[in-house]
Amino acid sequence: MKYDTFLTGDRPSGKLHLGHYAGSLKNRLRMQDECLKGYIMVADVQALSDNFASPEKVIKSVVEVTKDYIAVGINPFKITIFIQSLIPELAELTIYYMNMVSVSRLERNPTVKAEIKQKNYGESIPVGFLCYPISQVADITAFDANLVPVGDDQLPMIELTNEVVRRFNRLYDKEVLKEVTAVLSKTQRLIGIDGNAKASKSLGNAIFLADDASTIKDKVYSMFTDPDHIRVSDPGKVDGNVVFTYLDAFFENKEELEELKKHYKKGGLSDISLKSLLNKTLQDLISPIREKRESLKQDEMMDILITGSKIAREAAKQTLYNVKSAMGITYC
Ligand code: TRP
């Protein structure tokens, strides 16, 4: 791991929540210690591909997401945090890569397919949206990374990246681009507090890293448990029980958790005592993050992003140069 470079990113379309923490931020914190280098991209260009009518939301979220990174412990002196739109070389790489991907290949991407359905694009899919996976190939190849920590919904993009890399290297007969490996987090995707398959800002069912203590408490106490667990003495279900799913993700003492599960299944353990335990667990996790977050200034975040973008741009320039040289279009 010591010689690895990782690259990953998030669309800035709101603050980050516990789903991001369990699914990707924890993984990044580990990789920050284990890898030689790391890049985290605030993917504003990609966020605009489905928010072009409300750019203000994307722009505002750039700083918010950066605050979330720093508040959870990403070290900007070790990890290059940068803004996608400040690296125009990515757009240029995208143009070249577009020649290597067919429209039907893009239409088969399951993540894009699901998004098209969710956004009700019908027959009017914006070209920019359909092509964002190609722009993501540019993101992934531009910084000489070999590892890409992501959620499983991003696997189709990694697969596409490796197809483009192989195709490019074969066509121009040089090992210019590197294949990459996805690093999936150990925790499964976090469900929403309402039991929905995914915790997300748009579904309004997530606990945010910036939530205050009483909001967290209200959210925990509104969680679904087992609808058939009416009296404390009734036996309860653990599978599909939102409180247990969150305890699985965030309660560190696994032995105690096993005991609690047994007790709940047998009957005699109240939902309130479980919720109180989860509330304490989440307050202990989130309050230092929130406090750190509140101490962070907008200007400081911009400094981090501008410095990071300069460093990232140098790496992307080199890749673009290598790509153009391999194609023979350097002219001067
Ligand atoms: N597609 C990612 C998301 O929706 C964001 C992203 C953009 C990304 N470029 C990337 C992730 C490069 C990993 C690598 O969250």
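## Some details on the overall build of the protein chain
So, step 1. Broken down by element type, the protein chain carries 14 helices and five strands.
So, step 2. Relative to the 2.2 N^0.38 estimate, which gives 20 Å for 332 residues, the radius of gyration of the protein chain is 22 Å and therefore close to what a compact globule would have.
So, step 3. For the protein chain, the spread of C-alpha atoms along the principal axes amounts to about 80 × 45 × 40 Å.
So, step 4. Across the 332 residues that make up the protein chain, the buried fraction comes to 51%.
So, step 5. With the model as given, the accessible surface of the protein chain reaches about 16500 Å², and the carbon-plus-sulfur share is 54%.
So, step 6. Computing the positive centroid from 44 side-chain charges and the negative centroid from 45, the protein chain places the two 1 Å apart.

## Digging into the domain arrangement of the protein chain
So, step 1. When the domains of the protein chain are assigned, the result is domain 1 (5-191 + 298-327) and domain 2 (213-293).
So, step 2. For domain 1 and domain 2, the distance between their C-alpha centroids amounts to 34 Å.
So, step 3. With 14 residues of domain 1 at the contact, the number on the domain 2 side is eleven residues.
So, step 4. Summing the contributions of domain 1 and of domain 2, the shared interface buries around 1100 Å²; its carbon and sulfur component is 71%.
So, step 5. Counting across the interface, domain 1 meets domain 2 through two salt bridges.

## Some words on the pairing of strand β4 (residues 147-150)
A regular strand places its side chains on the two faces of the sheet in alternate fashion.
So, step 1. Residues Leu147 and Pro149 point to one face of β4 and Val148 and Val150 to the other, with burial holding for every one of them.
So, step 2. Summarising the sheet, β4 and strand β5 (residues 181-184) pair through four bridges and their orientation is parallel. Directly across from valine 150, in β5, lies its bridge partner leucine 184.
So, step 3. In this view, the connection linking β4 to its parallel neighbour β5 by way of helix α9 (residues 155-171) has right-handed handedness.

## Re the nonpolar core
So, step 1. Membership of the largest hydrophobic core comes to 58 residues, with the highest contact counts inside it found for Leu18, Ile207 and Tyr246.
So, step 2. When residues are assigned to domains, this core turns out to be shared by domain 1 (5-191 + 298-327) and domain 2 (213-293), each giving three or more.
So, step 3. Not counting the four nearest positions on each side in its chain, leucine 18 is found in contact with Leu190, Ile207, Leu209, Tyr246, Phe250, Leu282, Leu285 and Ile286.

## A closer look at the site of the ligand
So, step 1. The ligand sits among 13 residues. The nearest are Arg11, Gln46, Gln136, Asp139 and Gln154.
So, step 2. In the model, a nitrogen atom of the ligand is placed 3.0 Å from a nitrogen or oxygen of the glutamine 136 side chain.
So, step 3. Glutamine 154 is positioned such that a nitrogen or oxygen atom in its side chain is 2.8 Å from a nitrogen atom of the ligand.
So, step 4. Coverage of the ligand by the protein chains reaches 90% of its 370 Å² of free accessible surface.

## Focus on the packing of aromatic side chains
So, step 1. Going through the model one piece at a time under the given rule, you end up with eight aromatic pairs.
So, step 2. Geometrically, the ring pair formed by phenylalanine 244 and tyrosine 264 is edge-to-face, given 5.2 Å between the ring centres and 70° between the ring planes. Taken as a pair, phenylalanine 244 in helix α11 (residues 242-250) and tyrosine 264 in helix α12 (residues 254-266) lie far apart in primary sequence, 20 residues in all. For the pair phenylalanine 244 and tyrosine 264, one class covers both residues: buried.
So, step 3. Following the ring pairs from residue to residue traces out a cluster consisting of Tyr39, Phe82 and Phe143.
So, step 4. Cation over ring: arginine 11 sits above tyrosine 132, and NZ or CZ is 4.6 Å from the ring centre.
So, step 5. The residue whose ring lies beneath lysine 217 is tyrosine 221, and the NZ or CZ to ring-centre distance is 5.6 Å.

## Digging into the pattern of salt bridges
So, step 1. Scanning the entire structure with this criterion turns up 22 salt bridges.
So, step 2. With a shortest N-O distance of 3.8 Å, glutamate 258 and lysine 261 are connected by a salt bridge. Of this pair, glutamate 258 and lysine 261 both sit in helix α12, separated by three residues, roughly a single helical turn.
So, step 3. Judged by its relative accessible area of 12%, lysine 261 falls in the buried class.
So, step 4. One network of salt bridges, in which partners are shared, links Glu64, Asp68 and Arg293.

## Observations regarding the pairing of strand β2 (residues 37-42)
So, step 1. In terms of burial, β2 is largely enclosed, as five of its six residues are buried.
So, step 2. Regarding the hand of the β-α-β motif, the stretch spanning strand β1 (residues 5-10), helix α1 (residues 18-34) and β2 is right-handed.
So, step 3. As judged from the five bridges shared by β2 and strand β3 (residues 79-83), these two strands associate in the parallel manner. Residue pairing for β3: isoleucine 40 is matched across the bridge by isoleucine 81.

## Considerations on unusual backbone geometry
So, step 1. One non-glycine residue with positive phi stands out, namely asparagine 120, at about 55°.
So, step 2. Within the secondary structure layout, asparagine 120 lies in the loop between α6 (110-118) and α7 (127-130).

## Let's talk about the side chain of aspartate 139
So, step 1. Considering the arrangement of structural elements, one finds aspartate 139 in helix α8 (residues 132-141).
So, step 2. The side chain of aspartate 139 sits in the buried core without any salt bridge; arginine 11 is the nearest counter-charge, 8.9 Å away.
So, step 3. Setting aside its immediate chain neighbours within four residues, aspartate 139 contacts Leu7, Met41, Gln46, Gln84 and Leu90.

Conventions we followed
Residues numbered from 1 in each chain as written. Predicted model: local features only at pLDDT ≥ 70, side-chain atom pairs only at ≥ 80, totals over all residues. Heavy atoms only, no water. Helix = DSSP H or I, 4+ residues; strand = E, 2+ residues; numbered from the N terminus. Rg over C-alpha atoms; globule rule 2.2 N^0.38 Å. Buried < 20%, exposed > 50% of the residue type's maximum accessible area, 1.4 Å probe, protein only. Areas by Shrake-Rupley, 256 points an atom, 1.4 Å probe, with all protein chains shown as cover. Lys, Arg positive; Asp, Glu negative; His and termini not counted. Charge placed at Lys NZ, Arg CZ, Asp CG, Glu CD. Domains from an automatic or database assignment. Contact = heavy atoms within 4.5 Å. Buried area = accessible area lost by both parts, 1.4 Å probe. Salt bridge = Lys/Arg side-chain N within 4 Å of Asp/Glu carboxyl O. Pairing = 2+ DSSP bridges. Right-handed = clockwise from strand over helix to strand, strands pointing away. Core = buried A, V, L, I, M, F, W, Y, C linked by side-chain atoms within 4.5 Å. Near = heavy atom within 4 Å. Polar contact = N/O pair within 3.5 Å; in protein donor to acceptor, adjacent residues only side chain to side chain. Phe/Tyr/Trp six-rings, centres within 6.5 Å; stacked < 30°, edge-to-face > 60°. Lys NZ or Arg CZ within 6 Å of the ring centre and 35° of its normal.

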